[in-house]
Amino acid sequence: MKTQTSLALPIDQRKLRLALRPRARDAHKGDFGHALIVGGDKGMAGAALMAGEACARTGAGKVSIATRSEHIPAFIARTPELMARSVESADDLMPLLTMATVVVIGPGLGQTDWSKAMLGAVLATDLPLVVDADALNLLALMCYRDNNDTAQAAKEALAGDACVQLQRDNWILTPHPGEASRLLNTSTRQIAEDRLQHAQDLQQRFQGVAVLKGKGSLIATPEAIYQCRRGNAGMASGGMGDVLSGIIGGLLAQGFSVNDAACFGVELHAHAADIAAKRDGERGLLATDLLSPLRTLLNP
Ligand SMILES: NC(=O)C1=CN([C@@H]2O[C@H](COP(=O)(O)OP(=O)(O)OC[C@H]3O[C@@H](n4cnc5c(N)ncnc54)[C@H](O)[C@@H]3O)[C@@H](O)[C@H]2O)[C@@H](O)CC1
Ligand SMILES: Nc1ncnc2c1ncn2[C@@H]1O[C@H](COP(=O)(O)OP(=O)(O)O)[C@@H](O)[C@H]1O
C-alpha cells in the first residue's frame, strides 16, 4: 500500500495555540455565531444530537438542531441548551437558515425524500457548510446518477448542472473512505491505496476543504495538504464522525476560516480521543467521551 504521507504537512500547533487565546472579557454569545445542525432522520437521532453537543462544547454561541419532530423531547431532556426544532419540509427549514451563520448537514440525515429536501434547501444558501455522512452520500448521487430524483431536486435547487455547481469555496466535506469512494466513484480499496491523492482529488473536484478521515486523517485545502498525527483505534466506533462535524462547525461559527476550522477541528478531535483512550483504554471509547477532554484542550 502506498502512503506518500511525507508530502502532507503537520497541523500547525503554534497557530492552534494562538487561536485558542482566552476570550475577551466583554464577549457575548452573539460573537460566537449560530450553528444549525441538520440531520437525525428516523432511527438516527443520536448522530444529530452528538454533532449538536460537540458544536456547543466547542464554543459556538448558539446551536440549533433541525430534525424530525419525534426527536425533540429527547433532545431537550438531554441537552436543553440546544434549540431543537421540528422540521418536516424545506419550508420549515427556511427561517432557521435565515438565523444561522453556519450549517452542519449530514449526521444521521438519511437518504429519504425528507433528507433530500433538507440538503436541497441548505445547498441553495451561501452559508459556510460542514457536509458529512449522508449529505455526502446524497452529493455523490447528484453527481453520478443524473436521472434520479435527488439529482433532479438538486438541479432545481441550484438552477443548473448539479455536478458543475457542486463546488464551493466555503464548505468542508468530511468523508470517511466509504463516503469518499462514493464521491469519487471509486472503491474504498483504491482510496486506501493512495489516500493523499484521493484527498487532493476530493478537494479539486468539490473545492473548499476536504477531510479524508481514518487513521492519519488528511485535510486537503486549496493551498496544501495536512495530516493529523494523533488519534487511535478506539475512535473506530459509531458517532465519532458526528462529533467531528460538530467540532468543525463550532470552530466555523466562532470565525475560524474553513482551512483552520478543518485542520484544528481534526486535531482537537483526535487529541481529545487520545486523552480519553489514555485514561480508560481504547476499547469501549464512545464519541461523547471526547467532550470533556475537548473542553480542556479548548481552554489551554
Ligand atoms: N447514533 C447514531 O445515530 C449514528 C448514526 N450514524 C449515521 O448513520 C449513517 C450511515 O453512516 P455509516 O458511516 O455507518 O455508513 P456508511 O455505509 O457510509 O459507511 C460504513 C462503511 O464505510 C467504510 N469505511 C468507513 N470508514 C472506513 C475506513 N477508515 N477505512 C475503510 N473503510 C471505511 C466501510 O466499508 C464501512 O462499512 C450516517 O448518516 C451517519 O451519520 C453513524 O454516524 C453511527 C451513529
Ligand atoms: N483507527 C483509527 N485511528 C485514528 N482515527 C480513527 C480511527 N478510526 C476512526 N478514526 C476517526 O474517527 C472518526 C470516525 O468517523 P466516521 O467513520 O464518520 O464515524 P461515524 O459515521 O460513526 O460518526 C474519524 O474522525 C476518523 O478519522
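Residue numbers here run from 1 along each chain, matching the order of that chain's written sequence. Think of it this way: whatever chain is written first is A, whatever ligand is written first is 1, and the rest follow in order. Totals for whole chains, interfaces and linings use every residue, but because this is a predicted model, local features are given only for residues with pLDDT of at least 70 and side-chain atom pairs only at 80 or more, for both listing and counting.

For the protein chain, an unreviewed UniProt entry supplies the name ADP-dependent (S)-NAD(P)H-hydrate dehydratase and the organism Leucothrix pacifica. UniProt positions are given in the numbering used here, feature names are shortened, and annotations may be inferred rather than shown by experiment. As recorded by UniProt, the Subunit (unreviewed entry) comment attached to the protein chain reads in full: "Homotetramer."

Undergrad: Hey, could you run me through unusual backbone geometry in this one?
TA: Among all residues except glycine, the phi angle is most often negative; among peptide bonds, the trans geometry is most common. With phi around 55°, N185 is a residue other than glycine that occupies positive phi space. Strands here are runs of E lasting at least two residues and helices are runs of H or I lasting at least four, both read from the DSSP assignment and numbered beginning at the N terminus. Considering the arrangement of structural elements, one finds N185 in the loop between α9 (177-183) and α10 (188-193). Positive phi, close to 65°, is recorded for Q207, a residue that is not glycine. Checked against the element boundaries, Q207 lands in the loop between α11 (195-206) and β8 (209-212). The burial label depends on the number of other C-beta atoms within 10 Å of a residue's C-beta. Counts of 20 or more mean buried, 12 or fewer mean exposed, and intermediate counts mean partly exposed, with C-beta atoms placed from the backbone. The exposure class of Q207 is partly exposed, given the 16 C-beta atoms found within 10 Å.

Undergrad: Hey, could you run me through the pairing of β8 in this one?
TA: Looking along a regular strand, one sees side chains alternate from face to face of the sheet. Alternating residues of β8 divide into V209 and V211 and A210 and L212, and every residue in both groups is buried. Alignment of strand β7 (residues 171-173) against β8, held across two bridges, turns out to be parallel. Note on β8: the bridge partner recorded for L173 is A210. For β8 and strand β9 (residues 218-220), the ladder comprises three bridges, and the chain directions are antiparallel. Residue pairing for β9: L212 is matched across the bridge by L218. Any two strands between which DSSP finds at least two bridges are classified as paired. Where β8 folds back onto β9 in an antiparallel hairpin, the turn is made up of five residues, including G214, whose phi is positive at roughly 120°.

Undergrad: Quick question: what am I supposed to make of the sheet that holds strand β5 (residues 102-105) here?
TA: Consider a sheet: its strands pair through backbone hydrogen bonds, and that pairing is either parallel or antiparallel. Within the open sheet, the 10 strands sit side by side as β1-β10-β9-β8-β7-β6-β5-β2-β3-β4. Their pairing is mixed. Looking at which strands have only one partner, the edges of the open sheet turn out to be β1 (9-10) and β4 (83-86). Throughout, a pair of residues is in contact if the C-beta atoms placed from their backbones lie within 7 Å. Axes, fitted as lines to C-alpha atoms, cover a helix only where it is in contact. Angles between the N-to-C directions of the axes lie from 0 to 180 degrees. Most of the contacts of helix α5 (residues 113-123) go to β5, to which it runs at about 150°, and overall it touches β2 (34-38), β5 and β6 (129-131). Of the strands in this sheet, β2, β5, β6 and β7 touch helix α12 (residues 240-253), which is tilted by about 170° from β5.

Undergrad: Could you clarify how one ought to interpret the environment of A84 in this entry?
TA: As for its position among the elements, A84 is in strand β4. Measuring from C-alpha to C-alpha, the distance between A84 and A66 comes to 6.3 Å, with 18 residues separating the pair along the chain. Ignoring sequence-local partners within four residues, the contact set of A84 consists of I65, T67, I72, F75 and I76.

Undergrad: Explain the environment of A47 to me, please; I cannot follow it from the model alone.
TA: By the secondary structure assignment, A47 is in helix α2 (residues 45-58). Residue A47 is classed as buried on the basis of its C-beta count, with 30 C-beta atoms lying within 10 Å.

Undergrad: Help me understand the site of ligand 2, please; the structure alone is not making it clear to me.
TA: Lining the immediate environment of ligand 2, one finds 18 residues, of which K213, G231, M235, M240 and G241 sit closest. Top element by residues in the shell around ligand 2 is α12. It accounts for four residues. By the convention adopted, Pro, Cys, Tyr, Trp, Phe, Met, Ile, Leu, Val and Ala count as nonpolar, Lys, Arg, Asp and Glu as charged, and the other residues, Gly among them, as polar. A per-class count over the shell around ligand 2 returns six nonpolar, nine polar and three charged. By definition, a residue lies near a molecule or strand when the C-beta atom built from its backbone is within 6 Å of it.

Undergrad: Honestly, the site of ligand 1 in this entry has me stumped. Any pointers?
TA: Taken together, 18 residues lie near ligand 1, and G46, A133, G178, G214 and G238 sit nearest. Mapped onto the shell around ligand 1, the elements with two or more residues apiece are α2, α6 (133-144), α9 and α12. Here the shell around ligand 1 takes three residues from α9, the largest share from any one element. Here the residues of the shell around ligand 1 sort into six nonpolar, nine polar and three charged.

Undergrad: Got a minute to help me understand the packing of helix α4 (residues 90-99) against α5 in this structure?
TA: Packed helix pairs are specified by the crossing angle of their axes together with the interaxial distance, meaning the distance between the axes. Where α4 meets α5, the closest approach of the two axes is 9 Å, and the angle between their N-to-C directions is 35°. Where α4 crosses over α5, the two elements pack in a sense that is right-handed. Together, A90, L93, M94 and L97 of α4 and A117, M118, G120, A121 and V122 of α5 make up the contact between the two elements. The residue makeup of the contact of α4 with α5, split by class, is eight nonpolar, one polar and no charged. For any helix crossing, the convention is left-handed if the near helix is rotated counterclockwise from the far helix by under a right angle, and right-handed if that rotation is clockwise.

Undergrad: Which parts of the structure should I look at to understand the UniProt feature "binding site: (6S)-NADPHX" (unreviewed entry) in the protein chain?
TA: Cross-referencing UniProt, the feature "binding site: (6S)-NADPHX" (unreviewed entry) maps to A47, G108, H176 and D242 in the present numbering. Not counting residues up to four positions away in its chain, the partners in contact with A47 are G39, G40, P107, G108, A133, G239 and D242. Using a count of 31 C-beta atoms within 10 Å as the deciding quantity, one classes D242 as buried.

Undergrad: Got a minute to help me understand α2 in this structure?
TA: Each full turn of the α-helix corresponds to 3.6 residues, which orients residues three or four apart in the same direction. Multiplying 1.5 Å by the residue count of a helix minus one yields the expected span of that helix. Across its 14 residues, α2 extends 20 Å between first and last C-alpha, which sits within 8% of the 20 Å expected from 1.5 Å per residue. Taken across its 14 residues, α2 has 13 buried, putting it largely inside the fold.

Undergrad: Looking at this model, I keep getting lost on the confidence of the model for the protein chain. Mind explaining?
TA: The predicted coordinates of low-pLDDT regions are not to be read in fine detail. On a scale of 0 to 100, pLDDT captures the predictor's confidence in every residue. Per-residue confidence for the protein chain gives a mean pLDDT of 93, with 91% of residues at or over 70. For residues 157-164, every residue scores under 50 in pLDDT, and the model assigns this stretch 14 contacts once sequence neighbours within four places are set aside. Scored as a complex, the prediction yields pTM 0.95 and ipTM 0.97.

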